[in-house]
Amino acid sequence: MKILFVSNWSASHGIAHATVGPLLDLLQKNTIVKEIIYCSVEPSVVPASRKGKVHHMPIPRGNSRGLVLNLKCALAIRKLIAVNHVDLIWCKGSTAGAIGAIVSLITRIPFLVDSFEPHAEYMTEAGLWKKVGLKYKVQVTLERMIRRNAIGLLPVSHAYERELQKGGVSPERIFVVPCIVNKDLFRFDENERESMRLKLGVPDDGVVGVYVGKYGGLYYEEEAFALYKAAFKYWKEKFFLLIITENDNEEIQRWVGGYEMPMDRILVTTAAHSAIPAYLNAADFAFSTIKSNPAMAYCSPIKHGEYWACGLPILSTLQYGDDAEIIANRDGGVLVNIPSSDNKAAFSKIAKMLETKPREHFSFLAEQFRNVGVLESAVKFVLSLPEL
């Protein structure tokens, strides 16, 4: 079997390292799979390369966006298919699924969508798109085409699985695959914790909160910094804050300054995906500040699995979905409302967890809900689909 694998994420991006890399490794280990043509969308020209069964054929984005980019990618993939006998188009994410739906319509090659989520609803509920706008209408149309024509759908949450079934998708076409975590990379290491805290100047009784990710779009901005300010107020001089982000540093400093937080107890930095565990090990709990919109019930934040794997309880603003249930019902952390004038109760619960719950409790949640075994089962499910 020859698979054409499509991802809208750059191969060098952290999200690709966390989600695409493990999947490609599993696929090329399978004896049924003979070759994988991996098409990632890159911000600039990247040379093609080959590693094992994976032939990386990057597609440069250029100045293209939205529907124009989808059509550009579809055309590039159509040309690849013309000179390669492809048996399956595997799309990673709903925007890549839109490309796959177009290509499949033209070529009649079966396609499936992994990490399938209601992207159009995400964007409108976050205020980034309007329901009367062209972007929303096009994406909604393509998502309907995906639900109707894809031979398999791999949503990241059971909440969306239920929604798909209510919409008429056959259960035999669905397999839930939350964003898994690399437990060999993301795990608690006491020596690494001591080393990093010493490097950061954190005292033994210091309480460290960490945030990994972006601000804006689907994520809170100023509201997140108001929450950080409340943490400084609760733990006073004992609190330290680590922010690992690709957002502009001047923008971060402006928010920090606006809330008059102590710069000498805040680290703002960027880090390669492989370097993030060291910062998580130095921390005591983690922030997750996703906008709590109803459609976000269908997401599976990568950071949650990585936080848990390193033994961290999560202070989460997301009130809906699978992870909210784990946090609320399995002591995976604490849910906090945004906006809130008083977060003392939430921080008090986190403090109680730090006293009573060993880090192994949280790493077990990652093992239970983000295990790579789920991905292995998903690969078996896909390769056994009757259309193949």
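Being a predicted model, the structure only gives us computed values, none of them experimental.

A. Focus on a positive patch on the surface. A surface patch of like charges, here positive, comprises Lys229, Lys233, Lys236 and Lys344. You can see Lys229 is positioned in helix H8 (residues 222–235). Using a relative accessible area of 33% as the deciding quantity, one classes Lys229 as partly exposed.

B. The packing of helix H1 (residues 14–29) against helix H15 (residues 372–383), seen in detail. Following both chains from N to C, one finds H1 and H15 inclined at 50°, their axes separated by 10 Å at the closest point. The pairing of H1 with H15 is recorded here as oblique in orientation. Seen along the crossing, H1 lies across H15 with a hand that is right-handed. In this structure, H1 contributes Pro22, Leu23, Leu26 and Leu27 to the contact, and H15 contributes Val372, Leu375, Glu376 and Val379. Looking at the contact of H1 with H15 residue by residue, the class counts come to 7 nonpolar, no polar and 1 charged.

C. The pairing of strand E7 (residues 111–116), seen in detail. Taken across its 6 residues, E7 has 6 buried, putting it largely inside the fold. Note: strand E6 (residues 88–92) against E7, 4 bridges, orientation parallel. Across the sheet, the residue bridging to Ile89 is Phe111, located in E7. One crossover worth recording links E6 to the parallel E7 by way of helix H3 (residues 94–107), and it is right-handed. The pairing of E7 with strand E8 (residues 152–155) spans 4 bridges and is classified as parallel. Each bridged residue has a counterpart across the sheet, and for Asp114 the counterpart in E8 is Leu154.

D. Spatial organisation of the environment of Trp90. For Trp90, the location among the structural elements is in strand E6. For the pair Trp90 and Val113, spaced 23 residues apart in sequence, the C-alpha separation works out to 6.3 Å. Setting aside residues up to four positions removed in sequence, Trp90 forms contacts with Ile3, Leu4, Phe5, Val6, Leu23, Leu27, Leu112, Asp114, Leu154, Val379 and Val382.

E. The side chain of Thr289, seen in detail. Tracing the backbone shows Thr289 in the loop between strand E12 (285–288) and helix H11 (302–309). For Thr289, the residues in contact, after removing those within four places along its chain, are Tyr211, Tyr219, Tyr220, Ala224, Leu227 and Thr317.

F. Layout of the side chain of Glu161. Following the sequence through the fold, Glu161 ends up in helix H6 (residues 158–166). In this structure Glu161 is buried but unpaired, with Arg162 as the nearest side chain of opposite charge at 5.8 Å. Non-local contacts of Glu161, meaning those with residues more than four positions away in its chain, are made with Pro155, Ile174 and Val176.

G. Local environment of the nonpolar core. With 59 residues, the main nonpolar core has Phe225, Tyr228, Phe287 and Leu315 as its most contacted residues. Here Phe287 is in contact with Gly209, Val210, Tyr211, Leu227, Tyr228, Ala231, Phe239, Leu241, Lys303, Tyr307, Leu315 and Phe347, once residues within four sequence places are set aside. Ala98, Leu153, Ile290 and Met296 belong to the second largest nonpolar core, which has 50 residues in total.

H. Looking closely at the packing of helix H2 (residues 66–83) against H3. Viewed as axis vectors pointing N to C, H2 and H3 meet at an angle of 50°, and their least axial separation amounts to 9 Å. Considering the angle they form, H2 stands oblique to H3. Once H2 is placed against H3, the crossing between them reads as right-handed. Residues Asn70, Leu71, Cys73, Ala74, Ile77, Arg78 and Ile81 of H2 lie in contact with H3, whose contacting residues are Thr95, Ala98, Ile99, Ile102, Val103, Ile106 and Thr107. Residues that form the contact of H2 with H3 fall into these classes: 10 nonpolar, 3 polar and 1 charged.

Procedures and definitions
Residues numbered from 1 in each chain as written. Predicted model: local features only at pLDDT ≥ 70, side-chain atom pairs only at ≥ 80, totals over all residues. Heavy atoms only, no water. Patch = residues over 30% accessible without salt bridge, like charges linked within 9 Å, V, L, I, M, F, W, Y side chains within 5 Å. Areas by Shrake-Rupley, 256 points an atom, 1.4 Å probe, with all protein chains shown as cover. Salt bridge = Lys/Arg side-chain N within 4 Å of Asp/Glu carboxyl O. Lys, Arg positive; Asp, Glu negative; His and termini not counted. Charge placed at Lys NZ, Arg CZ, Asp CG, Glu CD. Helix = DSSP H or I, 4+ residues; strand = E, 2+ residues; numbered from the N terminus. Buried < 20%, exposed > 50% of the residue type's maximum accessible area, 1.4 Å probe, protein only. Axes fitted to C-alpha atoms, helices over the stretch in contact; angles between N-to-C directions. Parallel < 35°, antiparallel > 145°, perpendicular 65-115°, else oblique. Left-handed = near helix turned anticlockwise from the far one by under 90°. Contact = heavy atoms within 4.5 Å. Nonpolar A, V, L, I, M, F, W, Y, C, P; charged D, E, K, R; others polar. Pairing = 2+ DSSP bridges. Right-handed = clockwise from strand over helix to strand, strands pointing away. Core = buried A, V, L, I, M, F, W, Y, C linked by side-chain atoms within 4.5 Å.

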